[in-house]
Amino acid sequence: MRSPYRIVLPLLVFAATVFLITLVARQIFEKRGATLNVDMPAIPEAGELLPDERNTIAIFQKASPSVVFVYNLQNQFDRRTWTVSEVPQGSGSGFLWDKSGHIVTNYHVVAGANRIAVTLIDGKTYEAVKIGEEPKKDLAVLKIDLLGTNITPLGETVADSSKVIVGQKSVAIGNPFGLDHTLTVGTISALGRSMASIVQNVTIRDMIQTDAAINPGNSGGPLLDSHGRLIGMNTLILRNSTGIGFAVPSNTISRIVQQIINFGEPVRSGIGITVVSDGSFVQRLGLKGVMLQSVQEGSPAEAAGLKGLELNRNGRIVLGDLIQSIDGQSIETVDDLYHLFDQKREGETVTIVFLREGQQFTVDITLVRI
């Protein structure tokens, strides 16, 4: 006769294993909305630290609860077993933008994700939904189910980045690899820098350069001023360099994040054109400017008479109009064109100078949302 223990014992082990897996899974991915409450530590007395040290500590203690760990999970197919598994493909930092649970991070941190997870200051991890993104600024907006919090989101303490000056204090905070928060302090070392975006042929303009170290895993974390206000989002470090990091300015962040929250995408202004992205094509012709590839039907560009590339009766390509300047600003690359339209709003009228068959023309066009 078979012993009942040979049947009961495996069942008990199996039940205990299922219980433990369920418990761990609930701790890792909480399905319900989170309430985030943090006990803020006291700042040491003035006599114990120098004023600048007290300032740095105060900034860190106030801002760090808003800084989160973000990681990117992607599906991977195993040809040997014919199974699909979920594997981490990247991670970085981010920060709480508002009390509704919107989180700002770098686009490259969450690019291509099948699932995104966010770990908050209380150690709990939640699934996040991507609300929208702007790859040209390396920016993405996420959303978690946050019911309430007693911390101040960084979206409520945004400084005017146009007033940032070289030499002022900068504080970079990150949450690399979900281990704990890190703090680096430096100065603003340059303004108006341009760096290549992960989007081909596009440059991120007007970036803030700082010597506050942006360590691996700190991408997407905040850059703060001496008042603890957001002046930028840490984005990248210059390869093979020491102490050269770059941040997207807060004015750009505020504008794009609000557009994404309201509309699910950045609200761009334009005239309804597609351009030839290969700048070398124009250069080989000995010209300077951006050539139109096509003009959208019913667009302001069509109404103004602009023309893109065409085929004549003999099957030969007729060059499109070549935009050379807008509102007096020289347009030499596709990036110049995107950057100028980024600074304009729907309803504004711009003066465009373009070249057609060797002759220069000028036309006024009102921008629309595209």
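For the structure itself, consult the block above.
Residues numbered from 1 in each chain as written. Predicted model: local features only at pLDDT ≥ 70, side-chain atom pairs only at ≥ 80, totals over all residues. Heavy atoms only, no water.

Draft legend 1. Representation of the overall build of the protein chain. Regarding its fold elements, the protein chain presents 7 helices and 24 strands. Sequence-distant contacts, at least 24 apart, represent 60% of the contacts inside the protein chain between residues at least 6 apart. Accessible surface, the protein chain as shown: approximately 19900 Å² in total, 52% of it carbon and sulfur. (Helix = DSSP H or I, 4+ residues; strand = E, 2+ residues; numbered from the N terminus. Contact = heavy atoms within 4.5 Å. Areas by Shrake-Rupley, 256 points an atom, 1.4 Å probe, with all protein chains shown as cover.)

Draft legend 2. Representation of the sheet that holds strand β10 (residues 182-196). Spatially, 6 strands are ordered β9-β10-β11-β14-β13-β12 in a closed barrel, and the strand pairing comes out antiparallel. Neighbour-to-neighbour, the strand axes of this sheet turn through a mean angle of 50°, independent of strand direction. Direction of pairing for β10 relative to strand β11 (residues 203-210): antiparallel, over a ladder of 5 bridges. Its bridge partner lying in β11, Arg193 is registered against Met207. (Pairing = 2+ DSSP bridges. Axes fitted to C-alpha atoms, helices over the stretch in contact; angles between N-to-C directions.)

Draft legend 3. Layout of the environment of Gly101. Structurally, the position occupied by Gly101 is in the loop between β3 (83-96) and β4 (102-105). Residue classification places Gly101 among the buried positions, given a relative accessible area of 0%. On a C-alpha basis, the gap between Gly101 and Gly148 in space is 8.4 Å, while along the polypeptide they are 47 residues apart. Beyond its immediate chain neighbours, meaning those up to four positions away, Gly101 contacts Leu96, Leu142, Lys143, Ile144 and Leu146. (Buried < 20%, exposed > 50% of the residue type's maximum accessible area, 1.4 Å probe, protein only.)

Draft legend 4. Spatial organisation of the pattern of salt bridges. Applying the stated rule across the entire model yields 10 salt bridges. For Arg115, the salt bridge is made with Glu127, and the minimal N-O distance between the two is 3.9 Å. Of the two residues, Arg115 sits in strand β5 (residues 115-119) while Glu127 sits in strand β6 (residues 125-134), which places them 12 residues apart along the sequence. Exposure remark for Glu127: the relative accessible area of 31% places this residue in the partly exposed category. Of the charged contacts in the structure, one is a salt bridge between Lys344 and Asp327, with a shortest N-O distance of 2.9 Å. Of this pair, Lys344 sits in the loop between α7 (334-342) and β22 (349-356) while Asp327 sits in the loop between β20 (322-326) and β21 (329-330); the two residues are 17 residues apart in sequence, bridging distant segments of the chain. Overall, the relative accessible area of 18% leaves Lys344 in the buried class. (Salt bridge = Lys/Arg side-chain N within 4 Å of Asp/Glu carboxyl O.)

Draft legend 5. A look at the environment of Ile151. Secondary-structure assignment places Ile151 in the loop between β8 (146-149) and β9 (169-174). Here the alpha-carbon distance between Ile151 and Ser66, two residues 85 residues apart in the chain, equals 7.1 Å. Those residues in contact with Ile151 that lie beyond four places of it in its chain are Leu36, Val38, Pro65, Ser66, Leu96 and Lys99.

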